[in-house]
Amino acid sequence: MGLRLAILPAVFLMLALACSMPGVEGRGPSSNYSEKFPSGERDYYLYVEPLTDKSFPLGTMLDNAMSYWERSDHVKFTKVPDSGDSTITIRWAHELDGPFSAYVVDKRSVTVGLGDSRCGGTWHRYDSRFVTSLLEHEIGHALGHLHSANVSSVMYPDVSDASYAPVDSSYVLDSGNQIVIPTCTFGTASSFHYEVLTSGGNPLNLSFVYDDVASGKLEPNHLKQYSGKGCHAVFTSDLMGTCTGVFSGSGLLITPVQKTSDGQRVQVVMEEVR
Ligand SMILES: [Zn+2]
């Protein structure tokens, strides 16, 4: 199941009709920038709001989205340091209200969510491919593109690769604790691939459980385990596998088989298989 992308439909449709002629894509650059960058109608001046969350790995996501349109739509983007000199602004939201993950207003002001709390009420970061798709789609609207009925188009209103960021965490396991990682997906059910690295020694038990892990409702004495291949194992060295048909909000559970007083280092990498 994809996730719907938002524009503000009534506003956007009115603007689409009003701005269907070339050369009126949003507001033109200021005179300063017109002199610096002799402007054709397909030059866009982009102001990108600095990320408040410095730990968010934006990396090349925005550059990839800009490159996509520069290649396919023959436009040219120039980043500007002041929003007053921009024709398109990109802003970030920790989480958007409502069902949408991104939107654009007036073919000019793009806002992109970086994660949400739909999985068990805990905020989870979006995967980089998903954020890139959101940027491509909303910048497409800012360039004047309407939705496409072609499912492989970036302008298709549902994102097919919507997913949360992979988990990559280290733990120290002893007799008093366990590892619990929620399986968060935009679909009803999905497959999750995992790799578990362990310093070895004590046998560990791995199982995917139906319990409402994302909400913290784990009932150790009444665990309902997924029975499929790859969904459970007892192991003493590094392990990898894939569990399929896992519902959103379920979880991966790793516990020591025997009581041990030694801290055992365990690293878990888990991601949804798309
Ligand atoms: Zn859209």
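Relevant structure appears above.
Scoring rules and cut-offs
Residues numbered from 1 in each chain as written. Predicted model: local features only at pLDDT ≥ 70, side-chain atom pairs only at ≥ 80, totals over all residues. Helix = DSSP H or I, 4+ residues; strand = E, 2+ residues; numbered from the N terminus. Buried ≥ 20, exposed ≤ 12 C-beta atoms within 10 Å, placed from the backbone. Contact = placed C-beta atoms within 7 Å. Pairing = 2+ DSSP bridges. Axes fitted to C-alpha atoms, helices over the stretch in contact; angles between N-to-C directions. Expected span 1.5 Å × (residues − 1). Arc of directions from axis to C-beta. Core = buried A, V, L, I, M, F, W, Y, C linked by C-beta atoms within 7 Å. Domains from an automatic or database assignment. Parallel < 35°, antiparallel > 145°, perpendicular 65-115°, else oblique. Left-handed = near helix turned anticlockwise from the far one by under 90°.

**Remarks on the overall build of the protein chain**
Phase 1 of the analysis: Tallying secondary structure elements over the protein chain gives four helices and 17 strands in all.
Phase 2 of the analysis: Taken over 274 residues, the protein chain has a buried fraction of 32%.
Phase 3 of the analysis: Expressed as a percentage of contacts within the protein chain between residues at least 6 apart in sequence, the contacts between residues at least 24 apart total 73%.

**Remarks on unusual backbone geometry**
Phase 1 of the analysis: Backbone geometry at His74 places phi at a positive 55 degrees, although glycine is not the residue there.
Phase 2 of the analysis: Looking at where His74 falls in the secondary structure, it is placed in the loop between α3 (61-73) and β3 (76-79).
Phase 3 of the analysis: Its identity is not glycine, yet Asp106 carries a phi of approximately 60 degrees, on the positive side.
Phase 4 of the analysis: With respect to the helices and strands, Asp106 occurs in the loop between β5 (102-105) and β6 (109-113).

**Section: the sheet that holds β5**
Phase 1 of the analysis: Strand order in the open sheet made by the five strands is β3-β2-β4-β6-β5, with mixed pairing throughout. At either margin of the open sheet sits one strand with a lone partner, and together these are β3 and β5. The sheet shows a mean angle of 25 degrees between the axes of neighbouring strands, taken without regard to direction.
Phase 2 of the analysis: Judged from the four bridges that link them, β5 and β6 form a sheet pairing that is antiparallel. Along β6, the bridge assignment pairs Val105 with Ser109.

**Digging into the sheet that holds strand β15 (residues 239-247)**
Phase 1 of the analysis: One open sheet holds the four strands; their spatial order is β10-β17-β12-β15, and the pairing between them is antiparallel. The sheet terminates laterally at β10 (167-173) and β15, the two strands that pair on one side only. Sheet twist, expressed as the mean angle between neighbouring strand axes with direction ignored, is 25 degrees.
Phase 2 of the analysis: Of the pairings in the sheet, the one linking strand β12 (residues 189-198) to β15 comprises seven bridges and is antiparallel in character. By the bridge assignment, His193 is partnered in β15 with Thr242.

**Structural notes on α3**
Phase 1 of the analysis: In this model α3 runs 18 Å from its N-terminal to its C-terminal C-alpha over 13 residues, within 8% of the 18 Å that 1.5 Å per residue would give.
Phase 2 of the analysis: The complete set of buried residues in α3 reads Met61, Leu62, Ala65, Met66 and Trp69. Projected down its long axis, α3 carries its buried residues within an arc of 135 degrees, all on one side.
Phase 3 of the analysis: Directly beyond the C-terminal end of α3, a positive phi value near 55 degrees is found at His74.

**Focus on the nonpolar core**
Considering soluble globular proteins, one finds that nonpolar side chains tend to be buried as a cluster.
Phase 1 of the analysis: One finds Val131 and Leu135 to be the most contacted residues of the largest nonpolar core, which totals 49 residues.
Phase 2 of the analysis: The element best represented in this core is helix α4 (residues 128-142), accounting for six residues.
Phase 3 of the analysis: Two domains each put at least three residues into this core: domain 1 (3-159) and domain 2 (167-273).
Phase 4 of the analysis: Here Leu135 is in contact with Met61, Leu62, Ala65 and Val112, once residues within four sequence places are set aside.

**Focus on the packing of α3 against α4**
Phase 1 of the analysis: Put simply, α3 and α4 touch, their axes get as near as 9 Å, and they point 40 degrees apart. When the interaxial angle is binned, α3 and α4 end up oblique. Where α3 crosses over α4, the two elements pack in a sense that is right-handed. Between α3, through Met61, Leu62, Asn64, Ala65, Tyr68 and Trp69, and α4, the contact on the second element is made entirely by Ser128, Val131, Thr132, Leu135, Glu136, Ile139 and Gly140.

**Some details on the environment of Phe100**
Phase 1 of the analysis: Inspection of the secondary structure assignment puts Phe100 in the loop between β4 (88-93) and β5.
Phase 2 of the analysis: Looking at Phe100, the number of C-beta atoms within 10 Å reads 17, which means it is partly exposed.
Phase 3 of the analysis: Separated by 12 residues in the primary sequence, Phe100 and Val112 place their C-alpha atoms 9.4 Å from one another.

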